[in-house]
Amino acid sequence: MFAIFNTLPGNVRGVLWIVLGMSLFTWINALFKQLGGEMPLASVMSLRALLVLLLLAPFALRRRAAAIRTRRPALHLARMGFTSLSAGCAIYALAHLSLAEVTVYALTASIWMIPLALIFLNEQVRPMRWLGVAIGFAGVIVVAQPEISTVNLALAAALLGALADAALGVLLKSGSSSESTLAIMWWTYLGQLIAFTLLAGFALPTLSPLQWAAIALLAVSSIACMHCFIYGYRAAEASLAETGCFSGLIVGPLLGWAMFGELLGSHYWLGAALLCAGILVALFEPDWRRLLRRRQPACG
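Residues numbered from 1 in each chain as written. Predicted model: local features only at pLDDT ≥ 70, side-chain atom pairs only at ≥ 80, totals over all residues. Heavy atoms only, no water.

1. Concerning the overall build of the protein chain
Here is step 1: If you tally the helices and strands in the protein chain, you get 16 helices and zero strands.
Here is step 2: If you take every contact in the protein chain between residues at least 6 apart in sequence, the share linking residues at least 24 apart comes to 86%.
Here is step 3: Within the structure as shown, the protein chain displays about 15,400 Å² of accessible surface, and the carbon and sulfur contribution to it stands at 69%. (Helix = DSSP H or I, 4+ residues; strand = E, 2+ residues; numbered from the N terminus. Contact = heavy atoms within 4.5 Å. Areas by Shrake-Rupley, 256 points an atom, 1.4 Å probe, with all protein chains shown as cover.)

Listed below in structure tokens is the structure:
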């Protein structure tokens, strides 16, 4: 099976890895939403981070922790802060919004990346990318139609979490790619352990064996999810790999319906389609003048 998979073109393999990663990401959010109805989500996040660190410890701490040493501690501190903010916003949004809505708002990270890259990375942003941003946020407004008429903290939290994810992308582009995958994961989850243990008030809830099993599944799924995204972006061109995230727009509603009985209106699908269109325009940035020149008949 893997031999056949490895013969596929890099872009195809990359997109498939991202589809799997996005499916795991949505599954993880569904587990958080399920457990959030049974115990404080800050405790769930803290225990998930603890189990991830325990699973990584045999690899991270061997040879005097050489694998997780870093020359850029400030970069890891920034990542720890942004990942904790993103996770905190996500658990608040999951408690008040449908799984599908949280998923579609998470995809706005691709849109947020454009102004952040302009400000912090001095990347050139041409008019077609700004058009993509406008179309994408029009989709968000359509999806948020029931909530946007009033002040909605859950919607604000979901969008703030996506902004934090975009900031993480800027950090990756600005230098953390020189760090090993293991180091990134170790310091990320150490930051989450500290942040959410403080939020939980150092209180450990009484868990049933089934709840412990669910949190262990969360930890394993989180490690697998991060690896899928890393493999995907390494195998494919970044713009093509990003399109694999659109699978969350299908997986989210399916899991939401199967696990929580969530039903979505037509505004969700229209808004999701607009968001996808905006991201595609921003990513691939069609040059209409070049396309028109190609269609003009040759003068002879």
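What follows picks up the thread again.
2. Considerations on helix α6 (residues 99-106)
Here is step 1: Taking burial as the measure, the eight residues of α6 include eight buried ones, the bulk of the element.
Here is step 2: Listed as buried for α6 are Leu99, Ala100, Glu101, Val102, Thr103, Val104, Tyr105 and Ala106. (Buried < 20%, exposed > 50% of the residue type's maximum accessible area, 1.4 Å probe, protein only.)

3. Observations concerning helix α7 (residues 109-120)
For an α-helix, the turn length of 3.6 residues means that residues three or four places apart are oriented alike.
Here is step 1: The end-to-end C-alpha distance of α7 is 15 Å, a good match for the 16 Å that 12 residues give at a rise of 1.5 Å each.
Here is step 2: Those residues of α7 that sit buried are Ala109, Ser110, Ile111, Met113, Ile114, Leu116 and Ala117.
Here is step 3: Asn122, located one to two residues past α7, shows a positive phi value of around 55°. (Expected span 1.5 Å × (residues − 1).)

4. Quick word on the packing of helix α2 (residues 10-36) against helix α14 (residues 248-260)
Here is step 1: At a closest axis distance of 9 Å, the pairing of α2 and α14 adopts a crossing angle of 30°. Classified by the angle between their axes, α2 and α14 sit roughly parallel to one another. For the element pair α2 and α14, the recorded crossing hand is right-handed. Residue-level contacts link Met22, Ser23, Thr26, Trp27, Ala30, Lys33 and Gln34 of α2 to Gly248, Val251, Gly252, Leu255, Met259 and Phe260 of α14.
Here is step 2: Of the residues belonging to the contact of α2 with α14, the class tally is seven nonpolar, five polar and one charged. (Axes fitted to C-alpha atoms, helices over the stretch in contact; angles between N-to-C directions. Parallel < 35°, antiparallel > 145°, perpendicular 65-115°, else oblique. Left-handed = near helix turned anticlockwise from the far one by under 90°. Nonpolar A, V, L, I, M, F, W, Y, C, P; charged D, E, K, R; others polar.)

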